[in-house]
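Now for the letters of each chain:
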Amino acid sequence: MLSAFDSRSSRLALVALIVIIGSFYAGTLSGPKPSLVVHRSPPLISLDLEPQIKNKVSLTYRGESLRIPPTGVDVCPLPFNEHIPCHDLPHIKLLFPDMDLAGTRALERHCPPFDKRLFCLVPPPVDYRVPIRWPVSRDYVWRGNVNHSRLAEVKGGQNWVHEKGELWWFPGGGTHFKHGADEYIQRLGNMITSNAGDLRSAGVVQVLDIGCGVASFSAYLLPLDIQTMSIAPKDGHENQIQFALERGISAMISVLSTKQLPLPRSSFEMVHCSRCRVDWHENDGILLKEIDRLLRPNGYFVYSAPPAYKKEKEFPIIWEKLIKLTSAMCWELIAQKVQTAIWRKPANDSCQLQNAERKLLDMCEAMEESNPSWETPLMNCIVPYSEPVDSQKLPPRPERLSVFSKRLEKIGVNLDTYNLNTRFWQEQIQHYWKLMGVNQRGIRNVMDMNAYYGGFAAALSSFPLWVMNVVPTRMNSTLSAIYDRGLIGAFHDWCEPFSTYPRTYDLLHASRLFSLYKGGKEGCLVEDILLEMDRMVRPQGVIIIRDEESIVSHIHDIAPKFLWNVESHTLDDEQGKMEHVLVCRKTFWAIV
């Protein structure tokens, strides 16, 4: 006789099999086999295929000067199929010979110098297939695309992920919600609203999930139209973010250690930590103060971890420290139930200012809104509230998508400019679908590499996809306004690789990105950014580039060297002038 779990598993597996078979015939699940082949020497394919591709398999480093071979960009050897340049373990071991002593510092971004930076195309793994499409991908992905079993072995009992033949199955569990994220999310809503509602009725629109695992918490918040930025380091559970992204859930590699997260202040109604392995009680609560920076007024900190409920070992001591720190920060412990404690940040900073006068905590200097949080050291102080920014009342989604943020006024953007940008991208999205010629359900993970005010993402909000809005560090901090629209994103310097796994995104959008780095330093060249785009985009993924004519022309000439197919078009820009647009498609190739 099967147990209840086994019966449920069998039913789900049968349902999945039916969905997969149906999806195969509908063309939404299984994609074609690689259309081009990179070969070693001697060739493993017939000679008549050789003219189709000339790129060589070679471990090639960038060096101080950049040169692309006449045959095209070299292809990295197969073992580099999961290469993440700024989280590369061999390089980090050189920086931190004793990684145990380095602790979480070793999990931060550490980009290699030029002579150690690879300049070759990252290959897919041997059994890579076109990813399963959303919404099936929430629960099932191809095992060959993320061929790691560690999480299934060590977290199987907590229902993170299970092996099902050629598939990975995600039942929706987590360390503190092994019976399902949906039940856990409802419990959090009940705790906050005294059983009167859910998280959405409690005003939660955007969540930061720290130590997200495979991001099932985020996946099950989507029915409430709650947007989540899920983060976790590349640590012992090194492929957790890779699983999340393969599922089609918003996530990026990041860790709380010595630097601020690359996110704007006052952006989340909730920060969530479910056994996130963060020592919040250490170093005078400096990491809790980073959470205070990120929370909006009246925002919630949800903490599901042993100190909230266990009475043995060192847990009571840790809990006592947390109570002392959060009290000094004027956070109110509003609920404590089962294995979870929930604090609420105050609506204003009057209590915090009083506690600062009593020497219970330190207040930071007033922060300039236009400065992005990028490679910024953590501050052991509380960021003061900013008027009128923190007093702006934001509606729930979808109304929030059209909000004109007070933060834009502070950096000199007026309402007319904002509205023009919003209308412009609504028009452009219609053109894009025609130019791309893809099934709209075939695109799930999207990145806007120069997001301005988030108009591109807002125009896509009615489609079953999510957008990572990236604001380059040399731009004003418009990312705050993007969060005020109910969207998510991060700061980044495109002179460096992004903190994500290869083959992360179905669509990359780069509007006026390259001209930002025109005449820039080494590492910011067009070719450097194109290489990173190739690493991030999935096989058969689309890259849309619009920029100055000279830049677009140069990219048009060299894109085939990256094994991209390129189409050139023209569209109107925001001033009604013709602008050159490239629609590129990454070829599905493989090493054999």
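Conventions and cut-offs
- Residue numbering note: each chain is counted from 1, following its sequence as written.
- Predicted model: local features are reported for residues with pLDDT of at least 70 only, side-chain atom pairs are reported and counted for 80 or more only, and whole-chain, interface and lining totals are derived from all residues.
- Side-chain numbers here rest on the full set of heavy atoms in the structure, without hydrogens or water.
- Secondary structure counts use DSSP, requiring at least four H or I residues in a row for a helix and at least two E residues in a row for a strand, with both numbered from the N terminus.
- When we talk radius of gyration, it's over C-alpha atoms, and the globule rule is simply 2.2 Å times the number of residues to the 0.38.
- Partly exposed residues are those whose accessible area sits between 20% and 50% of the maximum for their type, while under 20% is buried and over 50% is exposed, using a 1.4 Å probe and protein chains only.
- Two residues qualify as a contact provided that any one of their heavy atoms is within 4.5 Å of a heavy atom in the partner residue.
- Using the Shrake-Rupley algorithm and a 1.4 Å probe, accessible areas are obtained, with residue cover drawn only from the displayed protein chains.
- Pairs of N or O atoms are called polar contacts if they sit within 3.5 Å, as long as, within protein, a hydrogen donor faces a hydrogen acceptor (for residues adjacent in sequence, only side-chain-to-side-chain pairs).
- For the purposes of this section, nonpolar cores are sets of buried Ala, Val, Leu, Ile, Met, Phe, Trp, Tyr and Cys residues that join through side-chain atoms within 4.5 Å.
- Structural elements are reduced to axes, namely lines fitted to C-alpha atoms, with helices fitted over the stretch in contact, and the angle between N-to-C directions of any two is expressed from 0 to 180 degrees.
- Roughly parallel refers to an angle under 35 degrees, roughly antiparallel to one over 145, roughly perpendicular to one between 65 and 115, and oblique to any angle outside these ranges.
- Take the far helix as the reference: if the near one is turned anticlockwise from it by less than a right angle, the crossing is left-handed, and if turned clockwise, right-handed.
- Any residue outside Ala, Val, Leu, Ile, Met, Phe, Trp, Tyr, Cys, Pro, Asp, Glu, Lys and Arg is labelled polar, Gly included; the first ten of those are nonpolar and the last four are charged.
- Here, a strand pair is defined by DSSP locating no fewer than two bridges between the strands.

As named in an unreviewed UniProt entry, the protein chain is Methyltransferase, taken from Acorus gramineus.

1. Things to note about the overall build of the protein chain
Helix and strand content of the protein chain: 16 helices and 19 strands. Against the compact-globule benchmark of 25 Å for 592 residues, the protein chain has a radius of gyration of 24 Å, which places it among compact chains. A principal-axis box enclosing the C-alpha atoms of the protein chain has dimensions of 75 × 70 × 50 Å. The 592 residues of the protein chain split such that 59% are buried. Summarising the internal contacts of the protein chain: among those between residues at least 6 apart in sequence, 69% fall at separations of at least 24. By element, 52% of the accessible surface of the protein chain is carried by carbon and sulfur atoms, the whole surface being about 24400 Å².

2. Thoughts on the environment of D235
Topologically, D235 is positioned in the loop between β6 (227–232) and α7 (240–247). Taking C-alpha positions, D235 is 9.8 Å from H87, a pair spaced 148 residues apart along the chain. Setting aside chain neighbours within four positions, we find D235 in contact with L107, Q240 and R277. Side chain to side chain, D235 and Q240 meet in a polar contact 3.3 Å long.

3. Digging into the nonpolar core
Counting residues in hydrophobic clusters, the biggest one holds 145 residues, and the most contacted among them are W280 and M533. The element that contributes the greatest number of residues to this core is helix α12 (residues 415–436), accounting for seven residues. Contacts of W280, omitting those with residues within four sequence positions, involve I210, L256, C273, G285, L287, L288, I291, F301, Y303, L322 and L325. In this structure, V141, V146, L151 and V161 belong to the second largest nonpolar core, which totals nine residues.

4. Some words on the packing of helix α15 (residues 526–536) against helix α16 (residues 549–558)
Orientation of α15 relative to α16, taken along the N-to-C sense of each, is 55°, at an axis distance of 11 Å. Viewed along their axes, α15 and α16 adopt a mutual orientation that is oblique. Considering the relative orientation of α15 and α16, their crossing is right-handed. Of the residues in α16, those touching α15 at V526, E527 and L530 are H554, I555 and I558. By residue class, the composition of the contact of α15 with α16 is four nonpolar, one polar and one charged.

5. Quick notes on the pairing of strand β10 (residues 332–337)
In the sheet, β10 pairs with strand β11 (residues 340–344) via five bridges, with the strands oriented antiparallel. Residue pairing across strands places A335 opposite I342, the latter belonging to β11. Linking β10 back to β11 in an antiparallel pair, the connection comprises two residues, with V338 at a positive phi of about 55°.

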